[in-house]
Protein chains: 2
Amino acid sequence: MFYRINMGDLSVKSEPGEQYQGLGGRALSSRIVEMEVDPSAHPLGEKNKLVFATSLLAGTGAPNGGRMSLGAKSPLTEGIKESNVGGAMGMKMGRLGILGIIVEGLPKEAGTYVIKVSDKGVALENIPELKGLDIYATVAKLHEKFGEKVAIGCIGTAGENRMAAACVGFTDMEGAPTRQAGRGGLGAVMGSKGIKAIVADDSGINKITFADEAAYRVGAKKLANALLTHPVTSQALPAYGTGVLVNILSEAGGLPTRNFSTGRFEGANDIGGETMAAVIKERGGKTGHGCSPGCMIRCSQIYKDKKGAVLTGGFEYESIWSMGANLGVNDLDDIAMMNRLCDDYGVDTIDTGVAIGVAMEAGVLKFGDSKEAIDLIHEIGKASPMGRILGAGAAITGKVFGMRRVPVVKGQAIPAYDPRAVKGQGVTYATTPMGADHTAGYAVTANILGVGGKVDPLSPDGQVDLSRNLQIATALVDSTGLCLFVAFAILDIAEGLEGIVEMCNARFGWNKTVDDYLEMGKQVLRDERSFNKSAGFGEGTDDLPEFFRTEKLPPHNTVFDVPKEDLNTVFNF
Amino acid sequence: MFYRINMGDLSVKSEPGEQYQGLGGRALSSRIVEMEVDPSAHPLGEKNKLVFATSLLAGTGAPNGGRMSLGAKSPLTEGIKESNVGGAMGMKMGRLGILGIIVEGLPKEAGTYVIKVSDKGVALENIPELKGLDIYATVAKLHEKFGEKVAIGCIGTAGENRMAAACVGFTDMEGAPTRQAGRGGLGAVMGSKGIKAIVADDSGINKITFADEAAYRVGAKKLANALLTHPVTSQALPAYGTGVLVNILSEAGGLPTRNFSTGRFEGANDIGGETMAAVIKERGGKTGHGCSPGCMIRCSQIYKDKKGAVLTGGFEYESIWSMGANLGVNDLDDIAMMNRLCDDYGVDTIDTGVAIGVAMEAGVLKFGDSKEAIDLIHEIGKASPMGRILGAGAAITGKVFGMRRVPVVKGQAIPAYDPRAVKGQGVTYATTPMGADHTAGYAVTANILGVGGKVDPLSPDGQVDLSRNLQIATALVDSTGLCLFVAFAILDIAEGLEGIVEMCNARFGWNKTVDDYLEMGKQVLRDERSFNKSAGFGEGTDDLPEFFRTEKLPPHNTVFDVPKEDLNTVFNF
């Protein structure tokens, strides 16, 4: 069932949504945005819509299958945006039989609305006392009110203040808001609509139905086997978290350091996954923590401070990089504090870290000054002019400070892999309809990890094909609700992909082939590009900022040299 | 002769510039940018170029013929930009035989360079003591160093700080920096290149040569007669300045008030040209002041404060509006102070006023609070975070504060005519390659003033044709160096246009027809649109912000309803 919430008259209506049947996750959210949102709409205006979309495998408990998608026109990129997230919400909404919730319009009077999802359907409640609360406090209040077992997604003050880099925080299986729909400023869209939170209570629901439950179990087992076999998903990630990449990327010369001025960070080992795991062990935190139901990789963690109090969780490589190497900071506790503050005020750690890096280059503070960086993040919480600049993301920060070395594509900050040293990632950043996004086509696999083949990261050759294939596969994975990390396993173990196909088919009684699913992935990209074209993205917007093509990155001293003409062939399918 | 300055090696080279012969002003600057600047260049980066282009009639002393053009890729719009300016510079550079100066590259080391133009050619000098000076102080220093008779164009701290709304200030005939190449942030481009000022000394030059001086004089006389005959150019503008429009537009319901929330301002008469003229008379200032050599309209003025000290000059309708009605401010002295401060720090009054209006709507300060508005402009001078936000222009200010009612097109603030009540202006704002710009096709003529025919300002009918014709004619006028206000006369008096054609033909020995000149105007628009297309402006970018189409403007309660499809036909020629 779909639910449509009109904030103009505060109505909630259900509808079958025939036109969206057979779609899930990113395929669903992007289709709804493409079909229903005027591409010229102001992202914070009445015509934009915020979509919560459950995935094809939502509610099944599939291995690593708990993710859901949020979609809208992005205030950060001014294009279409899908931001997917782990945590407990996707599973609960799936179990409740909800395919999507579409929030439309703007409230006539300011309010602090909560979308309540349960076996009674979807309802809207104004809870004024949530106004002005940050994410951890909002979650505490909502748990108090609705019980400890509900899943919560909510915005902090950054979202309420409509900051363009505002995220939406979601609770994990322990109820802590350690997961974020981080990118593209969907928290600001939520804030513009007066929605503070979405709360799902799946009590009273037993289990969902399958067209062929036995076949589903066979498929699930195949995927589980692949995940338990592949060394990345069964060893590296559970042991060290995604932070295991810090040393790997620094070694490869692709760890953007001090606002993308070099690719190797002398403090990499101080902030890498190995060190983090040791610190966690010493202080009694937790590694090998799963972020959502069905997770078999368990790359998340609980990170405690020196006194043993929980400081943060879901402390990812991207965040460790953006507020670590990218700022010249090698103090893991300070980075953890920044991560916590971003999660609490509700801003994307990538865009915020990159924005602070740009501010460092502008002379606002010194590279390496983590105390001052923490203070700046507090400014976001205060919504001071400086805080609002950073909260608007790296592109706006660069504009405000008149900088030219601003690592963004389509208004969104470039993540933790320098495109001059990991050129497949560069192709993805330049071309994905999402704005710079590492997950949209994670070429680190073949470029750096030797997963799914090998493509020399420093050569322009083969990167377009690599990125194209990964972008198609990713659009599919993002539609199933599976964590993208299953890609590590399925790229090398054919049985894993078979399992995914079998699970989806068995869920709905389909007979789709791998090619059918890949066609779904292609269609997602077509939908998204169609929206962006109508939203004004013209010739040449699929490219990297100038300095990546002109400024050599140490230690390899390479520039990004995939020809622009080749970038224009990425979507030739 | 053309001069090419490379800031990378500080070289200055002269060249004949065969490829640019027969072009002047906007036709020349836009052609150079279109031919030489990579559309994907970062506006503040090495590949952008800053062009100073003299006009077809430069140096002739033609009636109202003293203007020149600056061009570059704009940091404000990210598209092509031509900003033209009066004052003494155009005449002197023309007399010195300079067609254009093209500034390329970025300096390897920071400097505060001055471009010196004289009968010895063009030279570059580093004058470190100018660093950090605002425009009035810079001009004083340069007059001290180079004499009172030189013409000066320079940036203030806003330009040095690469603020995207930074202007370039130029001296008038008395040597005061009351004229600005205001729009599109060309001051930031100048700042990025380390250029603080351009100084022209035409001593030693007698007069320029004409192919047929007698014919030139006949043409000049025709234009002069038209200017001395038409009531707008011979009576209204000299007596009251452009501020005469305040009451006219308020009466017409098209004076955007309090961030474009109504079209009529109750304080209009307090700040209009009639009141200004009376205040000036009382305090011993000057009305009927000419801003550039050959000016016969003399719509400028010298405005003194209550104590009789000169406060500002070139106090235009657009500035009076942007910091008056648009802010709900009816204190002319406070507006004059804001105008002075913008001119001194070096930011565009239109984008700054509109940015403050957006900040007022965001709750940063109250509508009508002119003292706080003055303080905010001082923040621009301090380059504080708040000052940098405003100095980056209205579009960025809107982004930073998460606002949706942000009156901008292509990143540039919409000027003093509400597009819902002056719909021909709306078409111009939406479609001109310059970003929102009233001068690019000034439909106020037929919409409001009954000049050049009449087109109902509230009807969508006829506006596209009106704007198209005006945009073509304007591109031509901007290429001749004539003040756009000659349009008032030539739209109604055929002899005026004949005079322009005859002057240009006689200057160069051409036999061009009116149609030939109009073709030049069309080609300017083609050049500019070609650049913008390659710079990424795609489908749908020629439109107004959503709220103009959805929110009715009192008192007429109309929306902007020229269909998007019709807007796409503006350049069908």
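Remember, predicted model here, so these are calculated numbers, not experimental data.

(A) Region of the structure containing the side chain of Ser-319 of chain A. All names here are of chain A. The topology assignment puts Ser-319 in helix H11 (residues 317–322). A polar contact is formed between the side chain of Ser-319 and the side chain of Asn-339, at a distance of 3.4 Å. Filtering out sequence-adjacent residues up to four positions away, Ser-319 remains in contact with Gly-324, Ile-335, Asn-339 and Thr-349.

(B) Region of interest: the sheet that holds strand S6 (residues 100–104) of chain B. Residue and element names in this part refer to chain B. In space, the six strands of this open sheet follow the order S2-S1-S6-S3-S4-S5, with mixed pairing throughout. In the strand order of this sheet, the two ends are held by strand S2 (11–15) and strand S5 (80–85), each with one partner. Neighbour-to-neighbour, the strand axes of this sheet turn through a mean angle of 15°, independent of strand direction. Alignment of strand S3 (residues 50–53) against S6, held across four bridges, turns out to be antiparallel. Each residue of the ladder has a partner; that of Phe-52, found in S6, is Ile-101.

(C) Focus on the relation of the copies chain B and chain A. Overlaying chain B on chain A yields an RMSD of 0.0 Å, the required transformation being a rotation through 180° with an accompanying axial translation of 0.0 Å. What the rotation and shift describe, once combined, is the action of a two-fold rotation axis. Taking the C-alpha atom as reference, chain B places Gly-538 of chain B closest to the rotation axis, 1.9 Å from it.

(D) The arrangement of the pattern of salt bridges in detail. In the structure shown here, the tally under the stated rule is 76 salt bridges over all chains. Linking Arg-549 of chain A and Asp-543 of chain A is a salt bridge whose minimum nitrogen-to-oxygen distance equals 3.1 Å. Residue Lys-222 of chain B pairs with Glu-502 of chain B through a salt bridge whose shortest N-O separation is 2.6 Å. With Lys-222 of chain B in helix H6 (residues 213–229) and Glu-502 of chain B in helix H21 (residues 494–508), this residue pair connects regions lying 280 residues apart in the sequence.

(E) Just the pairing of strand S1 (residues 2–6) of chain B, in detail. Residues and elements named next belong to chain B. A large share of S1 lies buried, amounting to four of its five residues. Sheet topology note: the S1/S6 ladder contains five bridges and is parallel. Each residue of the ladder has a partner; that of Arg-4, found in S6, is Ile-102. Bridge analysis of S1 against S2 gives five bridges, and the strand direction is antiparallel. Its bridge partner lying in S2, Arg-4 is registered against Lys-13. Between the end of S1 and the start of S2, which pair antiparallel, lie four residues, with Leu-10 showing a positive phi angle near 60°.

(F) Molecular detail of the interface of chain B and chain A. The interface of chain B with chain A comprises 37 residues on the first partner and 37 residues on the second. Contact with chain A buries area across many residues of chain B, yet Lys-399, Glu-539 and Glu-546 of chain B alone supply 21% of it, more than any other trio. Mapped onto the side of chain B that touches chain A, the elements with two or more residues apiece are helix H15 (385–391), helix H16 (394–400), helix H22 (514–534) and helix H23 (546–550) of chain B. For the side of chain B that touches chain A, the leading source of residues is H15 of chain B, giving four residues. The residue makeup of the side of chain B that touches chain A, split by class, is 15 nonpolar, 10 polar and 12 charged.

(G) How the structure looks around helix H3 (residues 135–146) of chain B. All names here are of chain B. With 12 residues, H3 extends 16 Å from end C-alpha to end C-alpha; this agrees with the ideal 16 Å at 1.5 Å per step. Among all positions in H3, only Ile-135, Tyr-136, Thr-138, Val-139, Leu-142 and His-143 are buried. Angular distribution of buried residues about the axis of H3 spans 160°; they occupy a single face of the element. Contact partners of the buried residues in H3: strand S7 (113–118), strand S9 (151–154), strand S10 (168–170), strand S12 (195–200) and helix H12 (332–345). Among the residues trailing H3, Gly-147 stands out with phi positive, at a value near 100°.

What counts and how
Residues numbered from 1 in each chain as written. Chains lettered and ligands numbered in written order. Predicted model: local features only at pLDDT ≥ 70, side-chain atom pairs only at ≥ 80, totals over all residues. Heavy atoms only, no water. Helix = DSSP H or I, 4+ residues; strand = E, 2+ residues; numbered from the N terminus. Polar contact = N/O pair within 3.5 Å; in protein donor to acceptor, adjacent residues only side chain to side chain. Contact = heavy atoms within 4.5 Å. Pairing = 2+ DSSP bridges. Axes fitted to C-alpha atoms, helices over the stretch in contact; angles between N-to-C directions. Least-squares fit on C-alpha atoms with pLDDT ≥ 70 in both. Salt bridge = Lys/Arg side-chain N within 4 Å of Asp/Glu carboxyl O. Buried < 20%, exposed > 50% of the residue type's maximum accessible area, 1.4 Å probe, protein only. Buried area = accessible area lost by both parts, 1.4 Å probe. Nonpolar A, V, L, I, M, F, W, Y, C, P; charged D, E, K, R; others polar. Expected span 1.5 Å × (residues − 1). Arc of directions from axis to C-beta.

In short, the description is geometric, and any link to function would need to be established separately.
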